[in-house]
Amino acid sequence: VNFWARWCGPCRAEIPELSAAHDKYAKRGLVVIGIALDDKVEAVRDFARAYEMRYTGLLAKEGGIALMQALGNARAVVPFTLVIDRKGEVIGSKLGAMTHAEIEAAAAEEEAARAKAEEEEAAAAAEREARGEAEDDGEDSADDPETDGSEAEGRPRRRRRGRPPSGRARRRRTATIPRACPA
């Protein structure tokens, strides 16, 4: 997430690097969001076209400075960039323009965090399987501990009360809950 302004020289220098990072890493899940400290929609749109901003752009209008301050930029300096991982956690920030090397390092750090999360998930799944807690494969079974045996009698499957969902059902539910912005 990059806060910028049309009048900011360092922002103008940084935008092509952010566009290049967006182009290079978008297929791997990197999302670049530019937040303009401006309230003139047409002027920002023209600027974005002129500077070939190929990533998502938002207008902060009058709330932009307060938002930056709430996110750790007490002096409200632009450009200001936050690097946020896939869990919604801020893993880095920078006051001033990011260099090509810094952008590449941030993308690599996020890739490493993603790989680590995937490894942890695989290890947790293997541990569950080793304990006999097989993933819910969608098939109903009368001896499934998560059910009450009703599907054997032709009734719809129900989860026993008091037991949390397991396996994919739990991940599916938590994956759809968006994280709130701290502002």
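In this report, the structure presented in the accompanying data block is examined. (Residues numbered from 1 in each chain as written. Predicted model: local features only at pLDDT ≥ 70, side-chain atom pairs only at ≥ 80, totals over all residues. Heavy atoms only, no water.)

**Some points on the sheet that holds strand E5 (residues 90–95)**
By definition, the strands of a sheet pair up through backbone hydrogen bonds, in either a parallel or an antiparallel sense. Strand order in this open sheet of five strands is E3-E2-E1-E4-E5, and the pairing throughout is mixed. Across the chains shown, the open sheet's two edge strands, defined by having one partner strand only, are strand E3 (56–59) and E5. Strand-to-strand twist of the sheet, defined as the mean angle between neighbouring strand axes without regard to direction, takes the value 20°. (Pairing = 2+ DSSP bridges. Helix = DSSP H or I, 4+ residues; strand = E, 2+ residues; numbered from the N terminus. Axes fitted to C-alpha atoms, helices over the stretch in contact; angles between N-to-C directions.)

**Some words on the environment of Glu17**
The residue Glu17 is located in helix H1 (residues 9–25) in this model. A relative accessible area of 27% means that Glu17 is categorised as partly exposed. (Buried < 20%, exposed > 50% of the residue type's maximum accessible area, 1.4 Å probe, protein only.)

**A few points about the nonpolar core**
By size, the foremost hydrophobic cluster in this structure holds 28 residues, and its most contacted members are Phe3, Trp4, Met53 and Val78. Secondary-structure elements contributing two or more residues to this core are strand E1 (2–4), H1, strand E2 (33–36), helix H2 (41–50), strand E4 (80–84) and helix H4 (100–130). At five residues, the largest contribution of residues to this core is made by H1. (Core = buried A, V, L, I, M, F, W, Y, C linked by side-chain atoms within 4.5 Å.)

**Side note on the environment of Arg54**
Residue placement: Arg54 occurs in the loop between H2 and E3. Engagement of the side chain of Arg54 in a polar contact is seen with the side chain of Asp23, the distance being 2.6 Å. (Polar contact = N/O pair within 3.5 Å; in protein donor to acceptor, adjacent residues only side chain to side chain.)

**Some remarks on unusual backbone geometry**
The amide bond that connects Val78 to the next residue, Pro79, takes the cis arrangement and shows omega of -5°. Among the structural elements, Pro79 can be located in the loop between helix H3 (64–70) and E4. Located in the positive-phi region is Glu52, a residue other than glycine, with phi close to 50°. Here Glu52 is to be found in the loop between H2 and E3.

**Digging into the side chain of His22**
Structurally, His22 is set in helix H1. A polar side-chain atom of His22 sits 3.0 Å from the main-chain carbonyl oxygen of Arg54. Residues within four places of His22 in sequence aside, it is in contact with Leu30, Val32, Arg54 and Tyr55. (Contact = heavy atoms within 4.5 Å.)

**Quick notes on the pattern of salt bridges**
Note that side chains of opposite charge can pair when their charged atoms are close. Summed over the entire model, instances satisfying the criterion amount to 11 salt bridges. The salt bridge partner of Asp23 is Arg54, with a shortest N-O separation of 2.6 Å. A residue pair is termed long-range when its members are at least 10 positions apart, and Asp23 in helix H1 and Arg54 in the loop between H2 and E3 qualify at 31 residues. What makes Asp23 partly exposed here is its relative accessible area of 42%. (Salt bridge = Lys/Arg side-chain N within 4 Å of Asp/Glu carboxyl O.)

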